[in-house]
Amino acid sequence: MRSSKCHFLIVLIQFVSIISFYHHMMPIKGEDNKNSVAKVDVGIILDLETDVGKVMHISILLALDDYHATASRSAIRIIPHLRDSKKDDVEAASAAIYLLKDVQVQAIFGPQMSAQTDFVIDLGNRVKVPIISPATSPLLTVKENPFFIRAALPSSSQTKAIAALVKNFDWREVVVIYEDSPYGSGIVPNLTDALLEISTLVSYRSVISPSANDDQILSELYKLKTMQTRVFIVHLRPLLAKRFFLKANKAGMMSDGYAWIITDVLTSLLDSVDPSVIESSMQGVLGVKPYVPRTNELINYTKRWRGRFRQEYPDMDIVELNVFGLWAYDGITSLAKAVEKVGGTAIPKFKKADNREYLTDLDALGTSELGSLLLHSMQNTALKTGLSGDFRIVDGELQPSPYQIVNIIGKAERSIGFWTERDGISCKLKTNGKTATKCNDKQLGDIFWPGESTIAPKGWEIPTSGKKLRVGVPDKEGLEQFLKVEIDSKTQEVTVTGFCADVFKQVIESLPYALPYEFIPFQILDSPTSPDFDDLAYKLFSEVIKYLILIRISLFG
Ligand SMILES: *[C@@H]1O[C@H](CO)[C@@H](O)[C@H](O)[C@H]1NC(C)=O
Ligand SMILES: *[C@@H]1O[C@H](CO)[C@@H](O)[C@H](O)[C@H]1NC(C)=O
């Protein structure tokens, strides 16, 4: 795996070398020479075709503006060099090689996707240039990649919050649905572990290809529907999730008895899902996402951000600022702090490899001396009042913030509580006293479940594919305190009351899974002292008899 990756990179470097040869033939602009203020070149690699890429781009521009506006005149200027990776791993790798080899950037922000970052952090390690990436896959670790700084929370950091939510409702089995990609599968080991710790089983894993068509999604959903588990944890990005939930609704799975939990990648980016899809197909869904305090700074920033977005992307519909944009702002601000610390000394160029014969080798990239200093300064850094909240990087990794738990109702989400490692689930955040909507000292605020139900799903159902358990009830005069059957003359709805019915309902209630049932009354007119149950049994399905006997025993014994 490693060696094939290197091979691939070498071919790329040869390719980029040819391009850069032509690049160097062009006249050099004069402005670099006359400028006496020291500058640091920083690479930015984003997928500018994606909304998240654009959101981060605007935040990076604003963070650099703010740095330059407040820094002293002699402070080092940060010169950004933006490359679009076009949602492609090879483009991202080639952008990184160009930035390192030809621009000699001293740090790179990005790329945004985990698969792209995998290549680029290898280069960072070799050239000794910090790669500050919001990649969320826990398969990329800062331990194995000393020059990787994760400026976003890995998807694994929410798994305990999700497990706590599952435990809160006593669900013993869940189905995990995730995207077929390193990003998607990255969460699975941690999520499975977190659930095992609370003795909940992942009964099935459903892997959805990002290129799956609607029919394939629908047939997968019908398969899930025949299973017993009714709790689904969905780890899909907005584009795929939107199609997924439309189909889940079509399959009748956004109804009473089902529970859905979405991970932060969707909860944080809910703005990018059409409101019509949310209203029609995502009602009652629960979600977790990093909690961002709504400070005055954030409100002001959001206004500025929107203005800048319109300026940079005048032809686009406005996209909402999200947590990735805030992390990008805080990440660049931390980088600027690190640059400031290095001071106004002349920035050394990359140290070239001694052996000039191996120009096509990775070694030809040389190594940065400044990169290690920046890395050292950024590895443990904190912004007390970051836009995203308490932005703290420890040993190269952004530290978890509280998670917010939300419930989707109507077009939007409603906050129903928080989770922190220390305090678990609560509807009041102890650190700042922030409370969820309708927090009445309970663990979580009021929840509307799919099917507009207010009762928490049991999470488990006998797979009856819509059939209900038919329970026969003798409908006869007398003994009404034990069993009384009433049939609504208009709706034909059967209501059964009395001691025996209560016992039966209690037993059903106390089962760990939901067992849908219906009462089927049988009129018994003659022989009031010994009702003829044989007749009754004859008409019923055999599976029902045991419940009949149950009722009979409680009647006479
Ligand atoms: C995820 O799993 C890895 C490997 O077991 C572990 O090192 C890491 O601490 C886990 N992360 C979380 C947030 O639990
Ligand atoms: C927000 O902006 C207003 C007006 O632009 C300004 O007066 C105020 O001080 C700002 N607040 C914060 C917290 O930055």
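Residues numbered from 1 in each chain as written. Chains lettered and ligands numbered in written order. Predicted model: local features only at pLDDT ≥ 70, side-chain atom pairs only at ≥ 80, totals over all residues. Heavy atoms only, no water.

Moving on to the overall build of the protein chain. A count of helical and extended segments in the protein chain gives 18 helices and 20 strands. Put simply, the protein chain has 557 residues, and 50% of those count as buried. When contacts within the protein chain are restricted to residue pairs at least 6 apart in sequence, long-range pairs at least 24 apart make up 70% of them. Counting only carbon and sulfur atoms, one obtains 52% of the accessible surface of the protein chain, whose full area is about 27400 Å². (Helix = DSSP H or I, 4+ residues; strand = E, 2+ residues; numbered from the N terminus. Buried < 20%, exposed > 50% of the residue type's maximum accessible area, 1.4 Å probe, protein only. Contact = heavy atoms within 4.5 Å. Areas by Shrake-Rupley, 256 points an atom, 1.4 Å probe, with all protein chains shown as cover.)

Below, the discussion takes up the pattern of salt bridges. Under the counting rule described, the total for this entry stands at 17 salt bridges. Between Lys-223 and Glu-220 there is a salt bridge; the shortest N-O distance is 3.4 Å. With Lys-223 and Glu-220 both in helix H9 (residues 214-226) and three residues apart, this pair spans about one turn of that helix. Residue classification places Lys-223 among the partly exposed positions, given a relative accessible area of 37%. Note that Lys-411 and Glu-279 form a salt bridge whose closest N and O atoms lie 3.9 Å from each other. Taken together, the positions of Lys-411 in the loop between strand S14 (403-409) and strand S15 (412-420) and Glu-279 in helix H12 (residues 275-281) put the pair 132 residues apart, joining distant regions of the chain. Its relative accessible area of 55% is what places Lys-411 among the exposed residues. With relative accessibility at 40%, the residue Glu-279 sits in the partly exposed group. Linked through salt bridges whose partners overlap, the residues forming this network are Asp-65, Arg-308 and Glu-312. (Salt bridge = Lys/Arg side-chain N within 4 Å of Asp/Glu carboxyl O.)

Let us now look at the environment of Leu-165. When you line up the elements, Leu-165 lands in helix H6 (residues 159-168). Classification of Leu-165 as buried rests on a relative accessible area of 0%. For Leu-165 and Gly-287, which are 122 residues apart along the polypeptide, the C-alpha to C-alpha distance reads 9.8 Å. When near neighbours in sequence (up to four residues on either side) are disregarded, Leu-165 contacts Ile-261, Leu-286, Val-288, Ile-405, Ile-425 and Leu-444.

As a structural note, the neighbourhood of ligand 2 is formed by Asn-296, Glu-297 and Asn-300. Calculation on ligand 2 without its partners gives an accessible area of 360 Å², and the protein chains cover 29% of this total. (Near = heavy atom within 4 Å.)

For the rest of this paragraph, the subject is a nonpolar patch on the surface. On the surface, a cluster of nonpolar side chains totalling about 230 Å² of accessible area is made up of Phe-499, Val-503 and Val-507. Summarising the element assignment, Val-507 is placed in helix H16 (residues 499-510). Under the relative-accessibility criterion, Val-507 is labelled partly exposed at 38%. (Patch = residues over 30% accessible without salt bridge, like charges linked within 9 Å, V, L, I, M, F, W, Y side chains within 5 Å.)

Phe-109, Leu-165 and Leu-195 are the most contacted members of the largest nonpolar core, which totals 87 residues. If one sorts the elements of this core by residue count, helix H14 (residues 323-342) sits on top with 11 residues. When residues of this core are assigned to domains, at least three map to each of domain 1 (2-153 + 294-398) and domain 2 (156-292 + 401-452). When near neighbours in sequence (up to four residues on either side) are disregarded, Phe-109 contacts Gly-43, Ile-44, Ile-45, Leu-46, Met-56, Ile-60, Ile-132, Pro-134, Ala-328 and Ile-332. Formed by 30 residues, the second largest nonpolar core is a distinct cluster that contains Leu-218, Ala-241, Met-254 and Met-282. (Core = buried A, V, L, I, M, F, W, Y, C linked by side-chain atoms within 4.5 Å. Domains from an automatic or database assignment.)

The next subject is the confidence of the model for the protein chain. Summary statistics for the protein chain give a mean pLDDT of 84 and a share of 81% for residues scoring 70 or more. pLDDT under 50 marks residues 18-34. Its contacts with residues more than four places away, or in other chains, come to five contacts. The model gives residues 541-546 a pLDDT under 50, and that stretch makes six contacts with residues more than four places away or in other chains. (pLDDT = per-residue confidence, 0-100.)

Attention shifts here to helix H13 (residues 296-312). An ideal rise of 1.5 Å per residue puts 24 Å on 17 residues; H13 measures up with 24 Å between its terminal C-alpha atoms. Buried residues of H13: Leu-298, Tyr-301, Trp-305, Arg-308 and Phe-309, and no others. End-on, the buried residues of H13 take up no more than an arc of 105°, which puts them together on one face. Facing away from the buried surface of H13 by more than 90 degrees, the exposed residues are Asn-296, Lys-303 and Gln-311. The inward-facing, buried residues of H13 contact helix H3 (51-70) and H14. (Expected span 1.5 Å × (residues − 1). Arc of directions from axis to C-beta.)

Here we take up the packing of aromatic side chains. In total, this model carries 16 aromatic pairs according to the counting rule given. Residues Phe-232 and Tyr-258 carry aromatic rings whose centres are separated by 6.3 Å and whose planes lie at 20° to one another, so their mutual orientation is stacked. Highlighted residues: Phe-232 in strand S8 (residues 231-235) and Tyr-258 in the loop between helix H10 (238-250) and strand S9 (259-262), separated in sequence by 26 residues. Judged by relative accessible area, Phe-232 falls into the buried class, the value being 0%. Both rings, one in Phe-324 and one in Trp-327, keep their centres 5.5 Å apart while their planes meet at 90°; by these two values the pair is edge-to-face. Separated by three residues within a single helix, Phe-324 and Trp-327 lie in helix H14, roughly one turn from each other. (Phe/Tyr/Trp six-rings, centres within 6.5 Å; stacked < 30°, edge-to-face > 60°.)

Once that is clear, we can look at the sheet that holds strand S10 (residues 286-290). Sheet strands pair by backbone hydrogen bonding; their relative direction is either parallel or antiparallel. On the basis of which strands lie adjacent, the open sheet formed by eight strands has the order S7-S6-S8-S9-S10-S14-S15-S16 and mixed pairing. Each end of this open sheet is capped by a strand with a single partner; those strands are strand S7 (201-208) and strand S16 (424-426). Direction aside, the axes of adjacent strands within the sheet are offset by 25° on average. As paired strands, S14 and S15 are joined by seven bridges and run antiparallel to one another. If you follow Tyr-403 over to S15, its bridge partner there is Trp-419. Sheet strands touched by H9: strand S6 (173-179), S7, S8 and S9. Its angle to S7, the strand with the most contacts, is close to 165°. (Pairing = 2+ DSSP bridges. Axes fitted to C-alpha atoms, helices over the stretch in contact; angles between N-to-C directions.)

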